[in-house]
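# Residue-level structural notes
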Amino acid sequence: MNVDSSEIAAPFVKFDPNTWASFKHEDEKLTITENELQKFMAFNDKLSLEDVKKIYLPLSSLLRMYFISRHDRLSVIQKFLGFPMDSVPFIISISGSVSVGKTTTAKLLFELIKQWPCKPKVSLITTDGFLYPNAYLEEKMLLGKKGFPVSYDSKRLISFLLDLKEGKPNLKVPVYSHLTYDIVPDSYTIVDRPNVLIIEGVNVLQDATEYPEFRKRAFISDYIDYSIYVDAEEKYLMEWYIDRFLKLKDEAFHDPNCYFHKYANLPDENAASIAKLIWEAVNHSNLVENILPCRNRANLILKKGKDHHIEEVYLRK
């Protein structure tokens, strides 16, 4: 069954790419080369320098304006209180379905934000690092629900965001391996008081309802300053997922350490059938139950068409 994600509820203003491109500020210059652009793209994603000019440079301008306005609001609070306060990180979230291209968006924005005139210190993490290890998921019979809210240690994620907002240094984020499909033991990404943090994951607009003490009062998005949802029709998402699965089968799956190594020598037709089954059993359900219902909570929605290019931009009023 395909989910029709075309109905995006108010209050959003819709723009086509050409209109959106007109909002780029003069001081937002494209310095990324074609070769550099290839490094930002996630496996099997597509992106052109024209896309960067039309969509992402204006978005960078918008984010910089929000970043500056947040600093101005802090100055007002300091003036009111009569004493200085430490600046807190500006947190940008990137959410959306599996295979939609969240990683590409996050990496590209990371590079563009680093080039702002104020040269902010920028960090990038994914919520994959807050997934429970496979051993725990197997013990709780939740491995088939990987990526669903219950598979994340949301309490740990929210505690991390709280510590980040409080300005604590050298925070540890567990590292997740897409090769082994598991948390890497004793491996961490260190986040040390950045000016801007980009956090990418399917769950960043969700709450923490699996924890009774958080229920109804703790949302990951409560700690987010600006949220972006990357959207596409499910029929395209599934096509991209299957296509990526087949390409990985011919490359990464041949590594004996790969979680999907058992599929490495399957004929393409059989592998495509397995990928479709995985999509229908796991990713479709997660999209319908948990990811898509949160879309309209985002500040900005980037909607992709069949060829991965952004066709519509929805800006929350």
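Look up a bit, the structure's there.
Okay, so let's go over this structure. Everything numeric here is computed off the predicted structure, so don't read it as measured data.

## Describing the packing of aromatic side chains
Under the definition given, this model contains 19 aromatic pairs. What links up through ring pairs into an aromatic cluster is the set Tyr181, Tyr241, Phe245, Phe253, Tyr259, Phe260, Tyr263 and Trp279. Between the NZ or CZ atom of lysine 146 and the centre of the ring of tyrosine 181, over which it lies, the distance is 3.9 Å. Lying across the ring of tyrosine 188, lysine 172 places its NZ or CZ 5.0 Å from the centre.

## A look at the nonpolar core
Residues Tyr56 and Leu59 are the most contacted members of the largest nonpolar core, which totals 67 residues. The next biggest cluster of nonpolar side chains, apart from the first, holds 16 residues, and it includes Ile91, Phe130, Val173 and Val204.

## Description of the packing of helix H7 (residues 234-249) against helix H8 (residues 268-291)
Running from N to C, H7 and H8 point in directions that differ by 135°, and their axes come no closer than 9 Å. One finds that H7 runs oblique with respect to H8. For the pair H7 and H8, the sense of crossing is right-handed. Packed against H7, whose contacting residues are Glu234, Leu237, Met238, Tyr241, Ile242, Phe245, Leu246 and Lys249, the element H8 presents Asp268, Ala271, Ala272, Ile274, Ala275, Lys276, Ile278, Trp279, Asn283, His284 and Leu287 at the interface.

## Comments concerning the pattern of salt bridges
Considering all chains together, one arrives at 15 salt bridges under this definition. Note that lysine 14 is salt-bridged to glutamate 312, the shortest N-O span being 3.4 Å. Separated by 298 residues along the polypeptide, lysine 14 in strand E1 (residues 12-15) and glutamate 312 in strand E9 (residues 310-316) bring together distant segments of the chain. Judged by its relative accessible area of 51%, lysine 14 is exposed. A salt bridge links lysine 276 to glutamate 280, with the shortest nitrogen-to-oxygen separation between them at 2.5 Å. Of this pair, lysine 276 and glutamate 280 are both found in helix H8, four residues apart, which corresponds to roughly one turn of the helix.

## Considerations on the sheet that holds E9
Read across the open sheet, the seven strands follow the order E1-E9-E8-E7-E2-E6-E3; overall the sheet is mixed. Both outer strands of the open sheet, E1 and strand E3 (122-126), are each paired with one neighbouring strand and no more. With direction set aside, neighbouring strand axes in the sheet form an average angle of 20°. Taken together, the five bridges between strand E8 (residues 300-304) and E9 define a ladder with antiparallel strand orientation. In the sheet register, leucine 302 faces E9, and the bridge partner there is valine 313. Packing of helix H3 (residues 49-81) onto the sheet brings it into contact with strand E2 (90-96), strand E6 (196-200), strand E7 (226-231), E8 and E9, and relative to E2 it is tilted by some 140°.

## Some words on H7
For H7, spanning 16 residues, the distance from its first C-alpha to its last is 22 Å, which sits close to the expected 22 Å at 1.5 Å a residue. When we look at burial in H7, the residues that qualify are Glu234, Tyr236, Leu237, Trp240, Tyr241, Ile242, Phe245, Leu246 and Lys249. Looking at the buried positions of H7, the neighbouring elements they touch are H8 and E8.

Basis of the calculations
- Per chain, the residues get numbers from 1 upward, laid out in the order the sequence is written.
- Restriction of local features to residues with pLDDT of at least 70 applies here, the model being predicted, together with a cutoff of 80 or more for giving and counting side-chain atom pairs; totals for whole chains, interfaces and linings are based on all residues.
- Side-chain numbers come from the whole structure's heavy atoms, not from hydrogens or water.
- Side-chain rings of Phe, Tyr and Trp (the six-membered ring for Trp) are treated as a pair once their centres are within 6.5 Å; stacked means planes under 30 degrees apart, edge-to-face means over 60, and tilted covers the remaining angles.
- A ring has a charge above it when a Lys NZ or an Arg CZ is no more than 6 Å from the ring centre and no more than 35 degrees off the ring normal.
- In these notes, a set of buried Ala, Val, Leu, Ile, Met, Phe, Trp, Tyr and Cys residues joined through side-chain atoms within 4.5 Å is what counts as a nonpolar core.
- Exposure classes here rest on a 1.4 Å probe applied to the protein chains alone. A residue is buried below 20% of its type maximum, exposed above 50%, and partly exposed in between.
- Interaxial angles span 0 to 180 degrees and are taken between N-to-C directions of axes, which are lines fitted to C-alpha atoms, for helices over the stretch in contact.
- Segments assigned H or I by DSSP are reported as helices when at least four residues long, segments assigned E as strands when at least two residues long, and all are numbered from the N terminus.
- An angle below 35 degrees is treated as roughly parallel, one above 145 as roughly antiparallel, one from 65 to 115 as roughly perpendicular, and anything else as oblique.
- With the far helix as reference, a near helix turned anticlockwise by less than a right angle produces a left-handed crossing, and one turned clockwise produces a right-handed crossing.
- In this analysis, two residues are considered to be in contact whenever any of their non-hydrogen atoms come within 4.5 Å of each other.
- Should a side-chain nitrogen of Lys or Arg be within 4 Å of a carboxyl oxygen of Asp or Glu, the pair is scored as a salt bridge.
- For two strands to be treated as a pair, DSSP must find no fewer than two bridges joining them.
- Multiply 1.5 Å by the residue count of a helix minus one, and that product is the helix's expected span.

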